[in-house]
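Structural overview
Take a look at the letters that make up each chain.
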Amino acid sequence: MADLLSDDAVSSALADLPGWERDGDSLVRTAQLPSFPAAIAVVDAVAQEAESVDHHPDIDIRYSTLTFRLSTHSEGGLTAKDPDLARRISAAIDQHA
């Protein structure tokens, strides 16, 4: 069982996560990739990262625009798993942008 992050801890994590914002009990980032294949490459990379840490984002794909939403549903909010996966997602976006 993971502990929920305090509001201060979420704000602190977001300070180190450019492009991410809080939306209620979720962290959200939208990224515009240069092409549909690049967007799908990001989704594939994120899928591998998510499987490796057993924590999975909600992903909305709109051609070359991806929106990622993170929350630890089993805990009812944000835990340390969320900013950790957000960093991994950002790295995948940066790699394919």
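The structure contained in this document is the topic of the report that follows. (Residues numbered from 1 in each chain as written. Predicted model: local features only at pLDDT ≥ 70, side-chain atom pairs only at ≥ 80, totals over all residues. Heavy atoms only, no water.)

**Things to note about helix α1 (residues 7–15)**
Along α1, the positions that sit buried rather than exposed are Val 10, Ala 13 and Leu 14. Down the axis of α1, the sector holding all buried residues measures 100°, keeping them to one side. With respect to the buried face of α1, the exposed residues turned more than 90 degrees away are Asp 8 and Ala 15. Those residues of α1 that are buried are in contact with β1 (21–23), β2 (26–32) and α3 (81–96). (Buried < 20%, exposed > 50% of the residue type's maximum accessible area, 1.4 Å probe, protein only. Helix = DSSP H or I, 4+ residues; strand = E, 2+ residues; numbered from the N terminus. Arc of directions from axis to C-beta. Contact = heavy atoms within 4.5 Å.)

**Here we look at the packing of helix α2 (residues 36–53) against α3**
Two elements in contact, α2 and α3, have axes whose closest approach is 9 Å; the angle formed by their N-to-C orientations is 150°. Put simply, α2 runs roughly antiparallel to α3. As α2 packs across α3, the resulting crossing turns out to be right-handed. The segment α2 lies against α3, with Ala 38, Ala 41, Val 42, Ala 45, Val 46, Glu 49, Ala 50, Ser 52 and Val 53 engaging Asp 84, Leu 85, Arg 88, Ile 89, Ala 92, Ile 93 and His 96. The class makeup of the residues in the contact of α2 with α3 is eleven nonpolar, two polar and three charged. (Axes fitted to C-alpha atoms, helices over the stretch in contact; angles between N-to-C directions. Parallel < 35°, antiparallel > 145°, perpendicular 65-115°, else oblique. Left-handed = near helix turned anticlockwise from the far one by under 90°. Nonpolar A, V, L, I, M, F, W, Y, C, P; charged D, E, K, R; others polar.)

**What about α3?**
Taking 1.5 Å of rise per residue, the 16 residues of α3 would be expected to cover 22 Å, and the 23 Å separating its terminal C-alpha atoms lies within 8% of that figure. Those residues of α3 that fall on the buried side of the exposure criterion are Asp 82, Pro 83, Leu 85, Ala 86, Ile 89, Ser 90, Ala 92 and Ile 93. Its buried side turned inward, α3 meets α1, β2, α2 and β4 (65–70). (Expected span 1.5 Å × (residues − 1).)

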